[in-house]
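Each chain, letter by letter, is given below.
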Amino acid sequence: MSETPARYDVVEATVTRHLHYGLVVVGPLDLPGYVDSDHIRDWAQREQPWPEVGSRIRGVVLGYTSVRPAPTRLRVTARPGDIALVESVDDPDEALRTWRDTSPKGARAAEVLLRSAHAIPLLRWALTRAPDGDDHRTASAILADAPPAIREQCLGSQA
């Protein structure tokens, strides 16, 4: 990679330290960065140990702590659900806008989501979030009324 990674690029980084707030990493082009403690694991894996110092991790670029005069500190999420979402949609910004438009707006917005190309990846992603959180609750409510084929694609044998 010869260019500074952009938002939603999937990158590899090396863990260099553990701090109380998360992982310190070195990303592509030797860019310093970090993974916030809430972005290390999906909710279901939250009790697993953090990756060891020296290990390589995959993650999604969320942005930078400063961009002027040049990007300084990479912000990364290493949650498998976030990586899977970004890798399964053509335009993560558009997909996440669709989700944000769906969450608070009820049944009509849910119908629009279910007709979108992003429906399955977004619902799968939302189900990786904390069960008591808005994203998970919204996905569960949508899937309760979704066609069986969509439930099967998102829930597998749990459908």
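None of the values given here were measured: they were computed from a predicted structure. (Residues numbered from 1 in each chain as written. Predicted model: local features only at pLDDT ≥ 70, side-chain atom pairs only at ≥ 80, totals over all residues. Heavy atoms only, no water.)

## Points about the overall build of the protein chain
Note the cut-off: Numbering of helices and strands runs from the N terminus; a helix is a DSSP stretch of H or I covering at least four residues, while a strand is a stretch of E covering at least two. Throughout, a residue-residue contact means that at least one pair of heavy atoms, one from each residue, lies within 4.5 Å. Residue exposure ignores everything except the shown protein chains as possible cover, and the areas themselves are Shrake-Rupley values with a 1.4 Å probe. Neither His nor the chain ends is counted toward charge; the positive residues are Lys and Arg and the negative residues Asp and Glu. Every charge is mapped to an atom, namely NZ of Lys, CZ of Arg, CG of Asp or CD of Glu.
Broken down by element type, the protein chain carries six helices and five strands. When the elements of the protein chain are put in sequence order from the N terminus, they spell out β-β-β-β-β-α-α-α-α-α-α. Considering only C-alpha atoms, the protein chain reaches an extent of 45 × 35 × 25 Å along its principal axes. For the protein chain, restricting intrachain contacts to residue pairs at least 6 apart in sequence, the fraction spanning at least 24 positions comes to 55%. Taken as a whole, the protein chain presents about 9,100 Å² of accessible surface, with 49% of it coming from carbon and sulfur. Within the protein chain, one finds 19 positive and 22 negative side-chain charges whose respective centroids are separated by 3 Å.

## Thoughts on the sheet that holds strand 4 (residues 56-64)
Let me state the cut-off plainly: A strand pair is defined by DSSP finding two or more bridges across the two strands. All axes here are fitted lines through C-alpha atoms, helices being fitted over the stretch that makes contact, and every angle between N-to-C directions spans 0 to 180 degrees.
Taken in spatial order, the five strands of this closed barrel run 1-2-3-5-4, and their pairing is mixed. Averaged over all pairs of adjacent strands, the angle between strand axes in this sheet comes to 50°, irrespective of strand direction. Sheet topology places strand 4 next to strand 5 (residues 74-77); four bridges connect them, and they run antiparallel. The residue bridging Val60 from the neighbouring strand is Thr77, located in strand 5.

## Some remarks on the nonpolar core
Spelled out, the test is: As used in this record, nonpolar core signifies buried Ala, Val, Leu, Ile, Met, Phe, Trp, Tyr and Cys residues forming a set joined through side-chain atoms within 4.5 Å. Each residue gets one of three labels from its accessible area relative to the maximum for its type: buried under 20%, exposed over 50%, partly exposed in between, using a 1.4 Å probe on protein chains only.
Trp99, Leu122, Leu123, Trp125 and Ile150 are the most contacted members of the largest nonpolar core, which totals 22 residues. Contributions of two or more residues to this core are made by helix 1 (80-88), helix 2 (92-102), helix 3 (107-115), helix 4 (119-127), helix 5 (134-145) and helix 6 (148-155). Excluding anything up to four places from it in sequence, Leu122 contacts Leu85, Ala95, Leu96, Thr98, Trp99 and Leu113. Among the nonpolar cores identified, the runner-up in size contains 14 residues, and Val15, Val35, Ile40 and Tyr64 belong to it.

## Section: unusual backbone geometry
Non-glycine residue Tyr8 carries a positive phi angle of around 75°. Position of Tyr8 among the secondary structure elements: in the segment before strand 1 (10-19). You can call Tyr8 buried: its relative accessible area is 13%. Notably, Leu29 is not glycine yet its phi reads approximately 60°, a positive angle. Taking the relative accessible area as the measure of exposure, Leu29 reaches 45% and is therefore partly exposed.

## Some points on the pairing of strand 1
Pairing between strand 1 and strand 4: five bridges, direction antiparallel. Looking at the pairing, Val11 lines up with Gly59 of strand 4. Taking the residues between adjacent antiparallel strands as the criterion, strand 1 and strand 2 (residues 22-26) are bridged by two residues.

## What about the pattern of salt bridges?
Keep this limit in mind: Just to be clear on terms, a salt bridge is a Lys or Arg side-chain nitrogen sitting within 4 Å of an Asp or Glu carboxyl oxygen.
The final tally for this structure, using the stated rule, is seven salt bridges. When the shortest N-O distance is used, the salt bridge between Glu47 and Arg46 registers 3.8 Å. Taking the relative accessible area as the measure of exposure, Glu47 reaches 68% and is therefore exposed. A salt bridge links Asp82 to Arg79; the nearest nitrogen and oxygen atoms lie 2.8 Å apart. With a relative accessible area of 12%, Arg79 lands in the buried category.

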